[in-house]
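So the chains spell out like this:
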Protein chains: 2
Amino acid sequence: MLDRVAATPLYRQIELQLRDAILAGRLRPGAALPGIRAFARELGVAAITVITAYDQLAAEGFLDPRPGRGTLVSADLAAMQRDAGRRRARPRGGTAAGRVGPDGTAGDTVRRPALPAVNARGPVTPFFTDGWPIVRFDFRTGATRLDVFPNRIWERCIQAAWRDLAMGHGSATSYLEPEGDALLRRELAAYLARSRAAHADEGQLVITAGAQGALAIAARVWLREGRRLAVEDPGSPYLQRTFRAQGVGLEHVPVDDRGLPVDRLPGDVAAVMVTPSWQYPSGGTMPIARRLQLLDWAAERSALVIEDDCDSELRYEGHSLPSLQGLDQDGRVLYVGTFSKVLYPGLRTGYAIVPQPAVGPYVAQLEAAARGPGAIEQRALARFIADGQFERHLGRLRAAFAERQAALVEALERELGRVVSAAAAPGGSHLVVRIEDGRMTATELARRAIPHDVAIEPLAGSAHHPIPDREFLMHYGRLRPDEIRAGVERLARAAADRPRRAIA
Amino acid sequence: MLDRVAATPLYRQIELQLRDAILAGRLRPGAALPGIRAFARELGVAAITVITAYDQLAAEGFLDPRPGRGTLVSADLAAMQRDAGRRRARPRGGTAAGRVGPDGTAGDTVRRPALPAVNARGPVTPFFTDGWPIVRFDFRTGATRLDVFPNRIWERCIQAAWRDLAMGHGSATSYLEPEGDALLRRELAAYLARSRAAHADEGQLVITAGAQGALAIAARVWLREGRRLAVEDPGSPYLQRTFRAQGVGLEHVPVDDRGLPVDRLPGDVAAVMVTPSWQYPSGGTMPIARRLQLLDWAAERSALVIEDDCDSELRYEGHSLPSLQGLDQDGRVLYVGTFSKVLYPGLRTGYAIVPQPAVGPYVAQLEAAARGPGAIEQRALARFIADGQFERHLGRLRAAFAERQAALVEALERELGRVVSAAAAPGGSHLVVRIEDGRMTATELARRAIPHDVAIEPLAGSAHHPIPDREFLMHYGRLRPDEIRAGVERLARAAADRPRRAIA
């Protein structure tokens, strides 16, 4: 019965076998177990081995030790014996055997009624997310590569951050800073004030689990009880999904080349989310007149404006455009940014500047459910910004992205000049390319490109209202100039392929 | 007008001054700006300086460059001029001046209507959280210290994790793993199977932003639309708050010494949250008979059982009790755990084993809004577990905590034996202490202790239904045995203080 060469200790084997016998009903409630010494002799083990097993089972409520009367199987288990046939003890212990499924014993009737119905709202399926193919030349948005990144410097920041925290100078050992690492908030506030002209009071700045984390909290603070949100169309399916998953109804407002047309906003929305610095994904900047019009619209309706400023730092010409939030005098803009696009997505760190009167409820929500990233990464970022490394990195990133974009525009002109057109843009991490040859849709080209090891992203995948399927996005965050050129060569071959016919 | 020694470049000074003049209405829409060369001469700067400033303002929509006709202030701004008096341009640039508030100019009428009404549900105020006093001997729950922690080993794990990720062998550079780092999920699944006897299929295991993150998602997946959740009373105010912040109604069921009495569960709840391995905060284990009764109850009602297993690993005697989830054959237990208590809270990393049919919606919610912690920390944890360091650390932690608890029990007996009683418990990170002297409440003692540099936590602060204010919690995660002894000496002095009278 006992396996003396197994890794599982003997007391544990005894315990598991008794447990299984009780769960299976072979040992009945109230039954007396063998005395410790007698049982130990019978099994050929030391008395302490049996005692250890009995103690553990008593702690779990299987056994009921009665001083002077020995050890009984717990009488409380009587009720459970009625259903004994339905439940199966399963092998447990130090091996993967603990994970086996139903044992399939004949005659078992396993009840499996449903759990409370699941709320399946939320997921959307942007183009290719469903079975995202792995390709060598990946021009889809949504990831980056660390080839333009100061690896060594970041590694030192992480190391220093951990030492800070391990020495007790920080928040690692405490739950008490839901709004984020104090040093990071100070450094980031100063950065946002100088680079984004934002009103970045430290007391209003919170660190979140990416931009999505910041938006999820906004949904709970402002958009409960059937309130609706206006969003740009096309817009980011990822950020829109964040609201949808929280049950927020969306109104999709088609953008023009100056962003969201304020006079087309529906009357019944409580908030609007915009990307004024660089419209995602179509590109373009919201000019000052429209910004002021948007703030007036919000003031008239007591509405909230959510400024998604995620792409603002990737402006190659001049400096970054000032934020909308910095123009606002009335505290009606929630400013949201992220480090995912300019550092790396795995950092999962974003931030929000919260209008003053809502700071309390916003932080309460953050504390209740959606705290920001880990202490080490927050502190490392604080050091990275404080040392000037962040702005140095942004400079290198802008230069690299400008070079990549130029390589992309040039390659498209050379390889596909008769089929597509693309105008260089002064910022962002992707280009919008337009198919001028009316015989092929962007979706068709994307489909043809996959066998050539190239992935592109049709713009229509980011649109709610149907738009002509003529444009696609080419993200260059993941590819070097030589790779971009090679990818475009292959894309040109894909475009020249004869359309494949469906086989009936 | 231009400051030639300022850090702000000249083109930027020109740009800011023009911007302010336009926003303030001193330069009107349609007005022509000076020609570039003339303006440059006037200012004593190079032409390129003026060009740079004009280009930036044109990109923002302030200026309208007309080839051959010079540069005009944008005519689109006419509408905005109506409100010009109300808005103030504010100083901007490289200094803190960018953060100044309303400028207070006489005659301004600043409209400040409300934003959409804020949802202020959610926050609770556990004892002392509101103005948490800093004391030297802090016995309150909710934080730990890193003195029992393999600092050097963890540092190496972090370093190795970053190198893994920087080399591209991981998820840092991608958004594509909402359920968490694959290596961590594999290691953690094996650990939970061997140590918690859980059915820990990797496909059902997700990494979350702490236990709170896991519960927030559960609320959205299962507890929408007015569904109610039963919780233990007393219970964790922090975890209850997570549900309340999501709008979930709670039913508080008073526990007895075997945890939640299943026959007292109300009929109208869709789910119940329990701490069967070690009731938080009262202590005690739910025996096997009641566990089976709870699973039967859930099966009959198609209800969800949430197993909060957060304190299970801190069992000093025998091995950890097997999880409730491991007993369940029907997939109706959501198992939730955290590393915050056994490593450090700043890690903000928890996990859940999700019932199979709900994995899709659960991960969709995770992806939409509440992804887990950063890539570095996830990968470092994976290495920490894989190398056996996690289990080694748990062993040291259990030994340290047992020693601390013994020191605490002994000190209480010696210093306060006539006033309080405390029985040693076989696990957890705090002791429940009972005041036997009926003349003093636990809240009164907590209040008296603060001037003696000691903080304790009345149990009543974790209770929903009123309970006698006779018990308090003493957490020993933050204090070494010598500190525990010194803290108890001071607590004894506090107990001997005459009650302070309120001064009228």
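Residue numbering note: each chain is counted from 1, following its sequence as written. Chains and ligands are labelled sequentially in the order written, the chains with letters from A and the ligands with numbers from 1. Thresholds applied to this predicted model are a pLDDT of at least 70 for local features of residues and 80 or more for the giving and counting of side-chain atom pairs; totals over whole chains, interfaces and linings are not thresholded and use all residues. To obtain the side-chain values, all non-hydrogen atoms of the structure were included, while hydrogens and water were left out.

Engineer: Quick rundown of the overall build of chain A? Include the residues and the values.
Structural biologist: Looking only at helices and strands, chain A has 14 helices and 15 strands in total. Here the term buried applies to any residue with accessible area under 20% of the maximum for its type, exposed to any over 50%, and partly exposed to those in between, with areas from a 1.4 Å probe on protein chains only. Relative to its full complement of 504 residues, chain A shows a buried share of 60%. Counting every atom, chain A has about 19,400 Å² of accessible surface; 51% of that belongs to carbon and sulfur. Only runs of H or I of at least four residues qualify as helices and only runs of E of at least two qualify as strands under DSSP, and these elements are numbered from the N terminus. Accessibility throughout is a Shrake-Rupley quantity obtained with a 1.4 Å probe, and a residue counts as covered only by protein chains that appear here.

Engineer: Tell me about the packing of helix 1 (residues 10–23) of chain B against helix 3 (residues 47–59) of chain B, and please be specific about residues and values.
Structural biologist: Residue and element names in this part refer to chain B. As a rule, the C-alpha atoms of each element are fitted with a line to give its axis, helices using only the stretch in contact, and angles between N-to-C directions run from 0 to 180 degrees. Interhelical geometry of helix 1 versus helix 3 gives an angle of 45 degrees and a closest axis separation of 8 Å. Classified by the interaxial angle, the pair formed by helix 1 and helix 3 is oblique. In the crossing of helix 1 with helix 3, the sense of the turn from one axis to the other is right-handed. Across from Leu10, Tyr11, Ile14, Glu15, Leu18 and Arg19 in helix 1, the residues of helix 3 making contact are Thr49, Val50, Thr52, Ala53, Tyr54, Gln56 and Leu57. Each residue is assigned to one of three groups, with Ala, Val, Leu, Ile, Met, Phe, Trp, Tyr, Cys and Pro labelled nonpolar, Asp, Glu, Lys and Arg labelled charged, and all others, Gly among them, labelled polar. Among the residues forming the contact of helix 1 with helix 3, the class breakdown is eight nonpolar, three polar and two charged. In what follows, roughly perpendicular refers to angles from 65 to 115 degrees, roughly parallel to angles under 35, roughly antiparallel to angles over 145, and oblique to any angle outside these ranges. Should the near helix be turned anticlockwise from the far one by less than a right angle, the crossing is left-handed, and should it be turned clockwise, the crossing is right-handed. The contact criterion used is simple: two residues touch if any of their non-hydrogen atoms lie within 4.5 Å.

Engineer: Can you break down helix 3 (residues 47–59) of chain A residue by residue, with the values?
Structural biologist: One turn of the α-helix equals 3.6 residues, which is why residues spaced by three or four share an orientation. Multiplying 1.5 Å by the residue count of a helix minus one yields the expected span of that helix. End to end, helix 3 of chain A covers 18 Å across 13 residues, agreeing with the expected 18 Å (1.5 Å per residue, within 8%). Just downstream of helix 3 of chain A, Gly61(A) is the residue with a positive phi angle, here 90 degrees.

Engineer: Describe the pattern of salt bridges, listing the residues and the values that go with them.
Structural biologist: Whenever Lys or Arg places a side-chain nitrogen within 4 Å of a carboxyl oxygen from Asp or Glu, that contact is recorded as a salt bridge. Scanning the entire structure with this criterion turns up 52 salt bridges over all chains. As a salt-bridge pair, Arg66(A) and Asp64(A) come within 3.1 Å of each other at their nearest N and O atoms. Between Arg480(B) and Glu483(B) there is a salt bridge whose closest N-O contact spans 3.6 Å. Taking relative accessible area as the criterion, Arg480(B) reaches 36% and is therefore assigned partly exposed. Through salt bridges with shared partners, one network takes in Asp164(A), Asp181(A), Arg379(A) and Arg383(A).

Engineer: Which residues make up helix 7 (residues 210–222) of chain A, and what are the values?
Structural biologist: Taking 1.5 Å of rise per residue, 13 residues should cover 18 Å, and helix 7 of chain A covers 19 Å from first to last C-alpha, within 8% of that figure. Counting buried positions over the 13 residues of helix 7 of chain A gives 13, a clear majority of the element.

Engineer: Before we move on, could you go through the packing of helix 12 (residues 389–416) of chain A against helix 14 (residues 481–496) of chain A and cite the residues and values that matter?
Structural biologist: Residue and element names in this part refer to chain A. The interhelical angle for the contact between helix 12 and helix 14, taken along N-to-C directions, is 30 degrees, at an axis separation of 9 Å. In terms of axis orientation, helix 12 runs roughly parallel to helix 14. By crossing handedness, the relation of helix 12 to helix 14 is classed as right-handed. Contact residues: Glu403, Arg404, Ala407, Leu408, Ala411, Leu412, Arg414, Glu415 and Leu416 in helix 12; Pro481, Ile484, Arg485, Val488, Glu489, Leu491, Ala492 and Ala495 in helix 14. Per-class residue counts for the contact of helix 12 with helix 14 are eleven nonpolar, no polar and six charged.

Engineer: A description of the environment of Thr52(B) should follow, citing residues and the corresponding values.
Structural biologist: Residues and elements named next belong to chain B. Residue placement: Thr52 occurs in helix 3. On the basis of relative accessibility, which here comes to 28%, the residue Thr52 falls in the partly exposed class. On a C-alpha basis, the gap between Thr52 and Val135 in space is 57 Å, while along the polypeptide they are 83 residues apart.

Engineer: If you had to explain the environment of Thr242(B) to someone new, which residues and values would you point to?
Structural biologist: Topologically, Thr242(B) is positioned in helix 8 (residues 237–245). Distance in space between the C-alpha atoms of Thr242(B) and Ala216(B) is 6.1 Å, their sequence separation being 26 residues. If we ignore the near neighbours within four places in the chain, the residues touching Thr242(B) are Ala368(A), Ala369(A), Gln212(B), Leu215(B) and Ala216(B). Polar contact is defined as a pair of N or O atoms within 3.5 Å, subject to the rule that within protein one atom must be able to donate a hydrogen and the other to accept it, and that residues adjacent in sequence are counted only when both atoms are side-chain atoms. Within the structure, the side chain of Thr242(B) is placed 3.4 Å from the side chain of Gln212(B), a separation counted as a polar contact.

Engineer: Outline the pairing of strand 2 (residues 70–73) of chain B, supporting the account with residue identities and numerical values.
Structural biologist: Residue and element names in this part refer to chain B. At least two bridges found by DSSP between two strands is the condition for calling them paired. Taken together, the four bridges between strand 1 (residues 63–66) and strand 2 define a ladder with antiparallel strand orientation. By the bridge assignment, Asp64 is partnered in strand 2 with Leu72. Two successive antiparallel strands, strand 1 and strand 2, enclose a turn made up of three residues, where Gly68 displays a positive phi of approximately 85 degrees.

Engineer: Give me the sheet that holds strand 5 (residues 228–233) of chain B: which residues, what numbers.
Structural biologist: Residue and element names in this part refer to chain B. Ordered by their spatial adjacency, seven strands build an open sheet running 4-10-9-8-7-5-6, and the pairing between neighbours is mixed. Because the sheet does not close on itself, it has two edges, and the strands there are strand 4 (205–208) and strand 6 (249–254). Averaged over all adjacent pairs, the angle separating strand axes in this sheet is 25 degrees, with direction ignored. In this fold helix 8 packs onto strand 5, strand 6, strand 7 (269–274) and strand 8 (304–308), with an angle of close to 150 degrees to the strand it touches most, strand 6. In this fold helix 10 (residues 359–369) packs onto strand 4, strand 9 (333–338) and strand 10 (350–353), with an angle of close to 20 degrees to the strand it touches most, strand 4.

Engineer: How would you sum up the confidence of the model for chain A? Please name residues and give values.
Structural biologist: All names here are of chain A. The pLDDT value tells you how sure the predictor is about a given residue, anywhere from 0 up to 100. When the pLDDT values of chain A are averaged, the result is 83; 85% of them are 70 or greater. The low-confidence segment residues 84–113 (pLDDT under 50) makes 60 contacts with residues lying over four places distant or belonging to another chain. Confidence estimates for the predicted assembly give a pTM of 0.80 and an ipTM of 0.75.

Engineer: Outline unusual backbone geometry, supporting the account with residue identities and numerical values.
Structural biologist: For the peptide bond that leads from Tyr280(A) to Pro281(A), omega is 0 degrees, which places it in the cis range. Mapped onto the secondary structure, Pro281(A) falls in the loop between strand 7 (269–274) and helix 9 (288–301). Of note, the bond from Asp233(B) into Pro234(B) is cis; its omega dihedral lies within 30 degrees of zero at -5 degrees. Mapped onto the fold, Pro234(B) is located in the loop between strand 5 and helix 8. In this structure, Asp453(A) is a non-glycine residue whose phi angle is positive, near 70 degrees. Looking at the secondary structure, you find Asp453(A) in the loop between helix 13 (442–449) and strand 13 (454–455). On the accessibility criterion, Asp453(A) (26% relative accessible area) is partly exposed.

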